[in-house]
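# Working through the structure, step by step
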Amino acid sequence: MSAPVDLGALVPHLRAVCGDDGVITDAARRRTYESDGITYHAAVPGVVVLPTTAEQVAAVVRLCAERGVPFVPRGSGTGLSAGALPRPDGVLIVTSRMRRILEVDIDAQRAVVEPGVFNLDVTRAAAPHGYYYAPDPSSQQVCSVGGNIAENSGGAHCLKYGFTVNHVLGLEVVTPQGEIVELGGKAADAPGYDLIGAFIGSEGTLGIATKITVRLLRAPEKVSTMLAAFDSMDAGGQAVSAIIGAGMLPAAIEMMDALAIEAAEAAVRCDYPEGAGAVLIVELDGSAHDVDAQFDAVTALCRRAGAFEIRTASDAAERARIWKGRKSAFAAVGRISPAYIVQDGVVPRTALPEVLARIAELSARSGIRVANVFHAGDGNLHPLVLFDDADPGAAERAAEVSGAILDLCVEAGGSITGEHGVGVDKACHMPEMFTPADLETMDRFRRAFDPDGIANPEKLLPTPRLCGERPGVRTQEHPLVASGEAELF
Ligand SMILES: Cc1cc2nc3c(=O)[nH]c(=O)nc-3n(C[C@H](O)[C@H](O)[C@H](O)COP(=O)(O)OP(=O)(O)OC[C@H]3O[C@@H](n4cnc5c(N)ncnc54)[C@H](O)[C@@H]3O)c2cc1C
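Per chain, residue numbering runs from 1 following the sequence as it is written. This being a predicted model, a pLDDT of at least 70 is required before a residue's local features are given, and a value of 80 or more before pairs of side-chain atoms are given or counted; all residues contribute to the totals for chains, interfaces and linings. With hydrogens and water excluded, all non-hydrogen atoms of the structure serve as input to the side-chain values.

## Examining the pairing of strand β8 (residues 168-174)
When accessible area is computed with a 1.4 Å probe and restricted to protein chains, residues below 20% of their type maximum are described as buried, those above 50% as exposed, and intermediate ones as partly exposed. Counting from the N terminus, the helices are the DSSP runs of H or I reaching at least four residues and the strands are the DSSP runs of E reaching at least two. Of all 7 residues in β8, 7 are buried; the element is thus mostly enclosed. DSSP-based pairing: two strands are paired if at least 2 bridges between them are found. Relative to strand β9 (residues 180-184), β8 runs antiparallel, the two sharing 5 bridges. Residue pairing across strands places Leu 171 opposite Leu 183, the latter belonging to β9. Hairpin connection from β8 to β9: 5 residues lie between these consecutive antiparallel strands, with Gly 178 at a positive phi of about 90 degrees.

## Topic: the UniProt feature "domain: FAD-binding PCMH-type" (unreviewed entry) in the chain
UniProt positions are given in the numbering used here, feature names are shortened, and annotations may be inferred rather than shown by experiment. UniProt's feature table lists "domain: FAD-binding PCMH-type" (unreviewed entry) at residues 41-219, given in the numbering used throughout. Within residues 41-219, the helical portion is 21% and the strand portion 25%, while the C-alpha atoms at the span's ends are 39 Å from each other.

## Observations concerning the domain arrangement of the chain
Often the size quoted for an interface is simply the accessible area lost on bringing the parts together. Domain delimitation in this document rests on an assignment produced automatically or drawn from a domain database. For the chain, the assigned domains are domain 1 (7-94), domain 2 (101-218), domain 3 (220-336) and domain 4 (337-435). For domain 1 versus domain 4, the separation of C-alpha centres amounts to 32 Å. Contacts between domain 1 and domain 4 engage 8 residues on the former and 6 residues on the latter. In this description, buried area is defined as the sum, over both parts, of the accessible area (probe of 1.4 Å) that is lost when the two are combined. Both faces considered, domain 1 and domain 4 share a buried interface measuring about 540 Å² in area, 58% of it formed by carbon and sulfur atoms. The largest share of the area that domain 1 buries against domain 4 comes from His 41, Leu 80 and Ser 81, three residues that together contribute 70% of it. Salt-bridge detection follows one rule: a side-chain nitrogen of Lys or Arg within 4 Å of a carboxyl oxygen of Asp or Glu. Joining domain 1 to domain 4, the criterion identifies 0 salt bridges. Throughout this description, a polar contact denotes any pair of N or O atoms lying within 3.5 Å of each other; where both atoms belong to protein, one of them has to be capable of donating a hydrogen while the other can accept it, and for residues adjacent in sequence the pair is counted only when both atoms sit in side chains. Applying the counting criterion to the domain 1 and domain 4 interface returns 5 residue pairs in polar contact (both at pLDDT 80 or more). When checking whether two residues touch, look at their non-hydrogen atoms; a contact exists if any pair is within 4.5 Å.

## Focus on the site of the ligand
One heavy atom within 4 Å of a molecule or strand makes the whole residue count as near it. Looking at the ligand, there are 37 residues lining it, with Pro 73, Thr 78, Ser 139, Ser 144 and Ser 153 nearest. Within the side chain of Asn 148, one N or O atom sits 2.9 Å away from an oxygen atom of the ligand. Coverage of the ligand by the protein chains reaches 100% of its 980 Å² of free accessible surface. For the shell around the ligand, the secondary structure elements donating two or more residues are β3 (71-74), α5 (145-151) and β10 (208-215). Ranked by residue count, the leading element in the shell around the ligand is α5, at 5 residues. For the accessible areas, the method is Shrake-Rupley and the probe is 1.4 Å, while residue cover comes only from the protein chains on display.

## Considerations on the sheet that holds strand β6 (residues 110-113)
Pairing within the open sheet is antiparallel, and its 5 strands lie in the order β5-β6-β10-β8-β9. This sheet does not close on itself; its edge strands, each paired only once, are β5 (101-105) and β9. Averaged over neighbouring strand pairs, the angle between their axes works out to 10 degrees when direction is ignored. Alignment of β5 against β6, held across 4 bridges, turns out to be antiparallel. Bridge pairing in β6 places Asp 105 opposite Arg 110. Here the axes come from fitting lines to C-alpha atoms, over the contacting stretch only for helices, and the angles between their N-to-C directions go from 0 to 180 degrees.

## Observations concerning the packing of aromatic side chains
Stacked, edge-to-face and tilted are the three classes for Phe, Tyr and Trp ring pairs, Trp counted by its six-membered ring, which pair at centre distances within 6.5 Å; planes under 30 degrees apart are stacked, over 60 edge-to-face, the rest tilted. Inspection of every chain in the model, using the stated rule, returns 2 aromatic pairs. Look at Tyr 132 and Tyr 161: their rings are 6.4 Å apart centre to centre, the planes differ by 85 degrees, and that puts the pair in the edge-to-face class. In this pair, Tyr 132 is assigned in strand β7 (residues 131-132) and Tyr 161 in helix α6 (residues 158-161), connecting sequence segments 29 residues apart. Note on Phe 445 and Phe 449: the rings are 5.3 Å apart at their centroids and 55 degrees apart in plane angle, and the pair reads as tilted. You can see Phe 445 and its partner Phe 449 sitting in helix α15 (residues 436-449), 4 residues apart, about one turn around the helix. Assessed through its relative accessible area of 23%, Phe 449 is described here as partly exposed.

## Overview of the nonpolar core
Looking at soluble globular proteins, one finds that nonpolar side chains tend to be buried together. We call a set of buried residues a nonpolar core when its members are Ala, Val, Leu, Ile, Met, Phe, Trp, Tyr or Cys and they connect through side-chain atoms within 4.5 Å of each other. By size, the foremost hydrophobic cluster in this structure holds 50 residues, and its most contacted members are Phe 230, Ile 253, Leu 280, Cys 302 and Leu 381. No other element matches helix α13 (residues 394-411), which puts 9 residues into this core. Residue contributions to this core reach at least three from each of two domains, namely domain 3 (220-336) and domain 4 (337-435). Core analysis: the next-biggest nonpolar cluster, separate from the first, contains 29 residues, Leu 227, Ala 329, Ala 332 and Leu 386 among them.

## Let's talk about unusual backbone geometry
Phi is positive for Arg 269, which is not a glycine, with a value near 45 degrees. Within the secondary structure layout, Arg 269 lies in the loop between α9 (258-268) and β14 (278-286). On the basis of relative accessible area, Arg 269 is assigned to the exposed category, the value being 71%. Positive phi outside glycine occurs at Leu 460, with the angle close to 75 degrees. Looking at the element boundaries, Leu 460 is found in the loop between α15 and α16 (464-467). Residue Leu 460 is classed as buried on the basis of its relative accessible area, which comes to 16%.

So this is what it looks like as structure tokens:
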């Protein structure tokens, strides 16, 4: 093992690069960065730096590389898989001072932004021209585009528009050696290996994105939203299959079960139809002609699947009312349960009915309640595993149920994460999906970029040290949800 590095000796060099106010060494201030959105994984960073330019990021990374010091990139710290968990023996590189929108080129339908720019600010910059940036995680008011790149983030509208990877054309990246390189550019489809595709979703393990060129889309002429209520999840699921099977691609199809509806009602009184065992929110967008025609077809299919009530939003305020229950559902479970785990898995859409039935069996067998709120169109599940942390053993049982749900997703041909990433939290689940040879190949790929293993070590791929430790469980509302700045999807 190499000797521990004296971070104190590194600090004057970091100050020379980022200035005195760009380096945080004070213990109390460093603590404010100890976790991301999963607060049960925490570690105080050795040093925090706040660079303002790509050159500063590169110089900091070079200082780390020369001394073998690990570094962890961080955007807004909203991640839900402990991807930005700091290292006590390392440098946390925070992009929050790199928040400039460098270019909005409407003719080319592109924007160029720094990594710390909030996701929603890209749309705000494009909106006056009638354009928007499509990937819409529900943390979009505060999460950074750099963090979205690293997690390949999604949102309710990814059914039609795809994840972050479908909207990025170019990246400027600082490699783990501290070199600034360009991947792709404003033009589509650069020749050679798809290094942008490899970088997106790499969770900060291949370097730090310092400039991002994204695609802008023309805002649709019309958006129509409906809420359909069913007696059971099964009936709701049949409606989803019928809509997709009919060749339609709504902008979003979201589903909530009875427990999730109960929570949303308790928290925000969303006034969803009484007695519903499941509700679907279906949103269509496009030309007014297409949207109107498809809207009638979707209504008919929902009725045929057994919808006993269908509500249509006739304006933006009514649309917001329909989405209100869905958007607040995660935070709302705090009203019906003192503690909960937010799980994130994905299954092929056709496997949804079986997987949901097996989750219900798991719940009945263990006595642990599970509320389901999910992107039904994508097969992306976000089960909320509820427990009372005052009840001895309940947290452990909930963690077991939560892990067993991931097993079900993998068995059904799905994945251990839909959109929240692997980070530290799920690294030990990777062997459930990949053989040792697969993981070895991924490790070699990672080492081709980072031979010394200093870029966000112990994230994404399992390590023996990491997997000897048991992950904890979420026991409190996320501070951003509590402050009303973000909603959990
Ligand atoms: C209330 C709430 C709602 C959410 N809803 C959604 C949702 O609907 N969909 C969804 O997909 N996620 C959602 N998330 C998860 C989270 O917001 C996303 O994963 C988001 O992309 C994280 O961005 P961030 O800036 O906070 O990144 P951070 O948490 O700071 O970092 C996340 C990862 O990215 C790496 N990273 C950060 N910046 C860079 C960079 N410039 N270059 C390279 N690596 C970098 C970090 O090392 C880490 O591995 C939600 C989270 C919360 C708290």
